[in-house]
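# Overview (structure and organization)
The chain contents come next:
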Amino acid sequence: MARESYHDAVWETVPEGLDPPHLELRRTFLLERVAAAARREGSPPRVLDLGCGEGHFTAELARADAAAVGVDVSHEALRRARARYPELDLRAIPSSGSWPLDDAGFDIVWAGETIEHVADTAGWLSEVRRVLRAGGTLLLSTPAHGRLVLLLLALSPRRFARHFDPRSDHLRFYSARTLSRLLEDFGFEEIEVRAAGGPPGMRPLLLASARRARY
């Protein structure tokens, strides 16, 4: 099965019109930083919604006056997004290789719940760097795998098997430390990663921001 067909098959198992997980938390995180970028630069930022799915966050970005482009590897996800938001700039990108996007074309890249689905993380982050301008910002969210979460999984074979099911579309699992080190390895700086969305030690979400090094 081609990778694009695989991603379409995954989307076909998802009921249409569902709100993204942790919607309010991630929307606040994203829009606050987009607004800060607009104030700092004095103009609406160019924002790439990478892995846009059904277009929820691309639409939020457009409503916030950002120059937003949504991209996804799944044609099924884009079909849904275009049906719901026909006014948005929504494009398909390949699941491997270069993306049909300009070098340094964006001030901000937003990747919400996307990096954990990526097989070629090195290639993906290299493309993120390429399409970000020097000094541009990467914002992302991904499920958190801190020590307490891992301990609870280890203590429950059933929960462990369900969480790490080899048929799952989650291919990578991150803690704040491993995500920070990964971003540093790929030339990002001013890296901030925090857990969010629950009580200390059990927060299910990582929210990260990092600046593309200028050189």
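Above this text sits the structure in question.
So, a few notes on the structure that sits alongside this text. Fair warning: this is a prediction, and the values are worked out from it, not measured in the lab. (Residues numbered from 1 in each chain as written. Predicted model: local features only at pLDDT ≥ 70, side-chain atom pairs only at ≥ 80, totals over all residues. Heavy atoms only, no water.)

### Some words on the layout of surface pockets
- Volume-wise, the largest pocket comes out at about 1200 Å³.
- Forming the boundary of the largest pocket are 48 residues, of which Trp11, Gly51, Glu113, Thr114 and His117 lie nearest the centre.
- Listing elements by their share of the lining of the largest pocket, those giving two or more residues are α1 (3–12), β1 (46–50), α3 (56–63) and α5 (121–131).
- It is α1 that provides the largest number of residues to the lining of the largest pocket, a total of five residues. (1 Å grid on protein atoms, 1.4 Å probe; cavity = no way out; pocket = protein on both sides within 12 Å on 5 of 7 lines; lining within 4 Å. Points joined across faces, edges and corners; volume = space filled by probe spheres on them. Helix = DSSP H or I, 4+ residues; strand = E, 2+ residues; numbered from the N terminus.)

### Section: the sheet that holds β1
- Here we have seven strands laid out as an open sheet, ordered β3-β2-β1-β4-β5-β7-β6, and mixed in their pairing. Looking along the sheet, the strands with just one partner apiece sit at the ends: β3 (89–92) and β6 (188–196). Shown here is a sheet whose adjacent strand axes are inclined to one another by a mean of 15°, direction ignored.
- Across five bridges, the pairing between β1 and strand β2 (residues 67–72) is parallel. From the neighbouring strand, leucine 48 faces β2, where its bridge partner is valine 69.
- Across the sheet, helix α2 (residues 23–41) is in contact with β1, β4 (106–112), β5 (132–143), β6 and β7 (205–212); its angle to β7 comes to roughly 20°.
- Its contacts with the sheet put helix α8 (residues 176–185) on β5, β6 and β7, and the angle it makes with β6 is roughly 160°. (Pairing = 2+ DSSP bridges. Axes fitted to C-alpha atoms, helices over the stretch in contact; angles between N-to-C directions. Contact = heavy atoms within 4.5 Å.)

### Observations regarding the environment of leucine 138
- Note on placement: leucine 138 falls in strand β5.
- For leucine 138, a relative accessible area of 1% puts it in the buried group.
- In the structure, leucine 138 is positioned 35 residues away from phenylalanine 173 in sequence and 19 Å away in space, judged by C-alpha atoms.
- Setting aside residues no more than four positions away along its own chain, leucine 138 makes contact with Val109, Leu125, Val128, Leu132, Leu183, Phe188, Ala208, Ser209 and Ala210. (Buried < 20%, exposed > 50% of the residue type's maximum accessible area, 1.4 Å probe, protein only.)

Honestly, it's all geometry; don't read function into it.
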